[in-house]
Amino acid sequence: MIDASNGRIDHPMPNRTEIVKLPALQLAWRVYFIVWGFLFGAGACIALGLMFGAVRDMLMPAAICGLVWAAAGAYYAQRAFNAFSATVIEGEGVIVKKGVWWCTEIMVPISRLQHIDVNQGPLDRRWDMARLSLHTAGTHDKGTRIYGMAVEQAHALRSALLPRQPLAHD
Amino acid sequence: MPCAVPCSLASRWPMTETVFRLHPLSWIFHTGKAMEKLIFPLLAALALGHRTENWRMWAIFPLVFVTAWAIFKARAFRCEIGDGELLIREGLFDKTQRHIPFSRIQSVSQRRKLLHRLLGVTEVQIDSAAGSKPEAVMKVLGLPAAKVLEDFLRDVELRAAGGPASAAQPSTLAGEQETPPLFSMSAAEIVRYGIVSNRGAVVVGIAYGAIWQHKETRELALANMHLPFDWIGPGLKAQLLEGHWLYTALAGLLALALLFVVLRILSVVLAFMRYHDFTLDLHGERLTVRHGLSTRVKSGTRLPRLQRFVLQEGWLHRRLSRCRLAVDVVGAHGREESAHEASAKFTELAPIATQEQAQALLRVCLPELRWDTLDWRSLDAKALTRRLMVKARLLVPAMLGLAFLDYRMGWRVPVLDLAIVYALVAVATFMYAVAWLRFSAVAESGDLLLFRSGVWKRNWVIVRAQRLQNVRLVTSPLDVSLGLVQLEGDIMGGPRGKRGLVIPCLSREDGEALRDRLWRKIV
């Protein structure tokens, strides 16, 4: 059930609310993976052509290969969008699920948060979208990202998560 | 040598302000590499009157400049003890001011190389949790100044830890001289450490790299490269052609064994350089470790700052009935010292110890740990399939490739022999996986989570739930098909390129239940 006022979905478990992904995120990821897919596919063919000194002959295969990879990119973007979700556990932390084949479920406790960034790329600004980076003091996972939030919602979540906890040390 | 600090002031704390300045001789250590590279050729040129290498005479100008720069830079450095923080000012033209709150200081360490010891100075390094660089490196302080600074910081920590420490302080300080060290290593133990460690091999590897880096040595190496091939080449060829591959393998093994012995002897020597007079002290909550023969290292941290304990027991350790107790402390991780140089980082409570000693140390650091009553739960039985499939992914193509190569060479190694070897490899892989699964297990004890694993080298990783920065459940496609998950947790200052806690091959229910229990302890 989507609550339009705060952009969250009710969760079957108490205290938990899932953050709504903006549809623009799907579009953004499609653009991203299609462009990179095409560049990779076409680039690989052109590189082969350069190696054997037959770039002209490779133009057609490069275009086909690029399109195939772009299609794969579109498929992957859809899968990645479906797989991604972020859930807030009131007063406890955030769960982020991501990954198509290698799936990861990350739980970040509020008490371990060092700081939170709200980032916006050029496309994000166009779609009023932002991503939230949750930073802990861990050596390995420095930032856990929540993609596709509405800007106001991202700022609201940031201020809801951070001031609760004076920096826990040790 | 008088330190440039009002030491008398500093010792009368509590106070609001004390200024530390670097030792007058600091510039020697600040000129660094430039000096090292230039001074010896310069001296040689002056002494021998070498005319051909004129540029080295010209080098005296930059040398003077570098020295003057170093002197001014060292004079510009100030470390002030302010209200609740250390204030570091440095820089000549671009001035930097850094505030380090006392509560952010994770460890304080000192390193004294031979030159430091001759001059009676020490290099003090202060680490906070932040990233790859130490928060402040004081290069170099006079010994009395370093002592004042260290005592001050320890006092601050004690206050932070146990309320008003100033009253308890005198007794702690008085007790300091009397308490025997928590752990120390005798010469025999250091020899054992050398035998177990492979530091010798690491140093040889570094030396090998260095040979290829310098032009003269590289040319020398290239010119003599044919020698070893000349020695063993003909014999090897004859043996292979006559089909005596068993002898070849045997000779290879013997050569490896000889190399192993030589490297171990080198390791023992290096172990003495590094761990001579190793002492671990505990005063209140503060742990201090000192070691080193030519380079003396002293580093300190507080008990609650220890993020992770790893008890390690390699095959050689077990032969000598010893183990190693390593710890992770937050600090400068990107700045790893080269292997032959003693790092000032706090990395181990006991480089080598008996199980009883290690258990005693663990009891001191983790009083709630009841080792004997731990309830070890093994991993899911499907882990065996997973391990085997992961191994097969690499082994099967490699074996097929070798067989194909053998076929192309006209079956030099007969089919039957090859089949026997492959069968042995398969059995060994299977047995290894079974042994791994049999030993690997998870246990919980209060807030502590323990995971043991390994076959030849056994590891017990001990993490307190409060130290985990996040908890992750990760599944690969193979995991999904087998219904397994991998539980991971990140800590501050964990090992490089790996999370502090990684428990593979848990069944999904177990993994989720364990994750939820951890989560409850964290939040």
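Located above this text is the structure these notes cover.
Nothing here was measured: the structure is a model prediction, and the numbers come from that model.

### Section: the overall build of chain A
Item 1. What chain A contains, in helices and strands, is four helices and nine strands.
Item 2. Scanning chain A from its N terminus toward the C terminus, one meets helices and strands in the order β-β-β-α-α-β-β-β-β-α-β-β-α.
Item 3. Out of the 170 residues belonging to chain A, those deemed buried represent 41%.
Item 4. Partitioning the intrachain contacts of chain A with sequence separation of at least 6 by distance along the chain shows that 49% fall at a separation of at least 24.
Item 5. Accessible surface, chain A: about 9300 Å² in total, of which carbon and sulfur atoms supply 63%.

### Some details on helix α12 (residues 245–275) of chain B
Residue and element names in this part refer to chain B.
Item 1. A rise of 1.5 Å per residue sets the reference length of α12, with its 31 residues, at 45 Å; its end C-alpha atoms lie 43 Å apart and thus fit the reference within 8%.
Item 2. Of the positions making up α12, those classed as buried are T248, L263, R264, S267, V268, L270, A271, R274 and Y275.
Item 3. Packed against the buried residues of α12 are α8 (187–196), α9 (199–213), α11 (226–241), β10 (286–291), α13 (315–319) and β14 (348–353).
Item 4. Within two residues after α12, D277 carries a phi angle of roughly 60°, on the positive side.

### Overview of the side chain of A:D141
Item 1. Following the sequence through the fold, A:D141 ends up in the loop between β8 (129–136) and β9 (143–150).
Item 2. In terms of polar contacts, A:D141 uses its side chain to reach the side chain of B:N470, at 3.2 Å.

### Points about helix α15 (residues 383–408) of chain B
Residue and element names in this part refer to chain B.
Item 1. Under the 1.5 Å per step criterion, the end-to-end length of α15 is 37 Å for 26 residues, consistent within 8% with the ideal 38 Å.
Item 2. The largest bend along α15 reaches roughly 40° and is located at A392.
Item 3. All of the buried residues in α15 are A383, R386, M399, A403 and D406.
Item 4. In this structure, the buried residues of α15 make contact with α16 (415–439), α17 (477–482), β20 (484–490) and β21 (501–507).

### Brief notes about the packing of aromatic side chains
Item 1. Overall, the coordinates contain 19 aromatic pairs over all chains when judged by the stated rule.
Item 2. Where B:Y208 meets B:W212, the ring centres are 6.1 Å apart and the plane angle is 70°; that geometry is what we call edge-to-face. Here B:Y208 and its partner B:W212 are both found in helix α9, four residues apart, which amounts to about one turn of the helix.
Item 3. An aromatic cluster is present here, built from A:Y32, A:F33, A:Y76 and A:W101 joined pairwise through their rings.

### Some words on the sheet that holds strand β8 (residues 183–184) of chain B
Residues and elements named next belong to chain B.
Item 1. Read from one edge of the open sheet, seven strands run β7-β6-β5-β11-β10-β9-β8, paired in antiparallel fashion. Two strands close off the open sheet at either side, each with one partner strand: β7 (136–142) and β8.
Item 2. Across two bridges, the pairing between β8 and strand β9 (residues 279–283) is antiparallel. Looking across to β9, one finds that F183 is bridged to L280.

### Notes on the pattern of salt bridges
All names here are of chain B.
Item 1. Within this structure, the stated rule accounts for 28 salt bridges over all chains.
Item 2. When the shortest N-O distance is used, the salt bridge between R464 and E368 registers 2.6 Å. On the criterion of sequence distance, the pair formed by R464 in strand β18 (residues 458–464) and E368 in the loop between α14 (355–365) and β15 (377–378) is long-range, its members being 96 residues apart.
Item 3. R464 gets classed as partly exposed once you look at its relative accessible area, which sits at 24%.

### Examining the interface of chain B and chain A
Item 1. Taken together, the contact pairs 33 residues of chain B with 24 residues of chain A.
Item 2. Interface of chain B and chain A: buried area, both sides summed, is about 2600 Å²; carbon and sulfur atoms make up 48% of it.
Item 3. On the chain B side of the interface with chain A, the three residues burying the most area are B:R104, B:Q469 and B:W519, jointly 23% of the side's total.
Item 4. Seen at the junction of chain B and chain A, the total is four salt bridges.
Item 5. B:R520 is paired through a salt bridge with A:E92; the nearest N and O atoms lie 2.5 Å apart.
Item 6. Inspection of the region where chain B meets chain A yields 15 residue pairs in polar contact (both at pLDDT 80 or more).
Item 7. Of all the secondary structure elements, the ones that give two or more residues to the side of chain B that touches chain A are β19 (470–475) and α18 (508–522) of chain B.

### Here we look at the environment of B:I28
Residue and element names in this part refer to chain B.
Item 1. Looking at the element boundaries, I28 is found in helix α2 (residues 26–48).
Item 2. When the C-alpha positions of I28 and A74 are compared, they lie 9.7 Å apart, and in sequence the two are 46 residues distant.
Item 3. Among all residues touching I28, those that are not within four sequence positions of it are L115 and L119.

### Here we look at the side chain of A:T87
Item 1. Here A:T87 is to be found in strand β4 (residues 85–89).
Item 2. Residues in contact with A:T87, not counting those within four places in the same chain, are A:H11, A:R16, A:T17, A:E18, A:G93, A:V94 and A:I95.

### With respect to the state of the cysteines
All names here are of chain B.
Item 1. One pass over the full model with this rule turns up zero disulfides over all chains.
Item 2. Free cysteine C365: the closest other cysteine sulfur is in C323, separated by 13 Å.
Item 3. With relative accessibility at 7%, the residue C365 sits in the buried group.

### A few points about the pairing of β10(B)
Residues and elements named next belong to chain B.
Item 1. Of all six residues making up β10, five are buried, and the element is well covered by its neighbours.
Item 2. The pairing of β9 with β10 spans five bridges and is classified as antiparallel. When the bridges of β10 are listed, T279 appears paired with R290.
Item 3. In the sheet, β10 pairs with strand β11 (residues 296–302) via six bridges, with the strands oriented antiparallel. Pairing of R290 across the sheet is with K298, part of β11.
Item 4. Linking β10 back to β11 in an antiparallel pair, the connection comprises four residues, with G292 at a positive phi of about 120°.

### A word on a nonpolar patch on the surface
Residues and elements named next belong to chain A.
Item 1. A contiguous nonpolar patch, built from L27, V31, Y32, V35, W36, F38, L39, L67 and L123 and spanning about 860 Å² of accessible area, is present on the exposed surface.
Item 2. No other element matches the seven residues that helix α1 (residues 23–52) contributes to the nonpolar patch.
Item 3. Along the polypeptide, L39 turns up in helix α1.
Item 4. Exposure remark for L39: the relative accessible area of 46% places this residue in the partly exposed category.

### Regarding the packing of α8(B) against α12(B)
All names here are of chain B.
Item 1. Here α8 crosses α12 at 130°, and the two axes come no closer than 7 Å. It follows that α8 is oblique to α12 by the angle criterion. Seen from above, α8 lies across α12 with right-handed handedness. Two secondary-structure elements touch here, α8 through A187, I190, V191, Y193, G194, I195 and V196 and α12 through R264, S267, V268, A271, F272 and Y275.
Item 2. Of the residues contributing to the contact of α8 with α12, the split by class is 10 nonpolar, two polar and one charged.

### Description of the sheet that holds strand β7 (residues 113–119) of chain A
Strand pairing in a sheet relies on backbone hydrogen bonds, with the paired strands running either antiparallel or parallel.
Residues and elements named next belong to chain A.
Item 1. Here we have three strands laid out as an open sheet, ordered β7-β8-β9, and antiparallel in their pairing. Either end of the sheet is taken by a strand with one partner, and the two such strands are β7 and β9. Neighbouring strand axes in the sheet, compared pairwise and without regard to direction, differ in orientation by 20° on average.
Item 2. Pairing of β7 with β8 involves six bridges; the strand directions are antiparallel. Counted as the bridge partner of L113 is T136 from β8.
Item 3. Its contacts with the sheet put helix α4 (residues 151–161) on β7, β8 and β9, and the angle it makes with β9 is roughly 140°.

What counts and what doesn't
- Residues numbered from 1 in each chain as written.
- Chains lettered and ligands numbered in written order.
- Predicted model: local features only at pLDDT ≥ 70, side-chain atom pairs only at ≥ 80, totals over all residues.
- Heavy atoms only, no water.
- Helix = DSSP H or I, 4+ residues; strand = E, 2+ residues; numbered from the N terminus.
- Buried < 20%, exposed > 50% of the residue type's maximum accessible area, 1.4 Å probe, protein only.
- Contact = heavy atoms within 4.5 Å.
- Areas by Shrake-Rupley, 256 points an atom, 1.4 Å probe, with all protein chains shown as cover.
- Expected span 1.5 Å × (residues − 1).
- Polar contact = N/O pair within 3.5 Å; in protein donor to acceptor, adjacent residues only side chain to side chain.
- Bend = angle between axes of the 7 residues up to and from the residue.
- Phe/Tyr/Trp six-rings, centres within 6.5 Å; stacked < 30°, edge-to-face > 60°.
- Pairing = 2+ DSSP bridges.
- Salt bridge = Lys/Arg side-chain N within 4 Å of Asp/Glu carboxyl O.
- Buried area = accessible area lost by both parts, 1.4 Å probe.
- Disulfide = S-S within 2.5 Å.
- Patch = residues over 30% accessible without salt bridge, like charges linked within 9 Å, V, L, I, M, F, W, Y side chains within 5 Å.
- Axes fitted to C-alpha atoms, helices over the stretch in contact; angles between N-to-C directions.
- Parallel < 35°, antiparallel > 145°, perpendicular 65-115°, else oblique.
- Left-handed = near helix turned anticlockwise from the far one by under 90°.
- Nonpolar A, V, L, I, M, F, W, Y, C, P; charged D, E, K, R; others polar.

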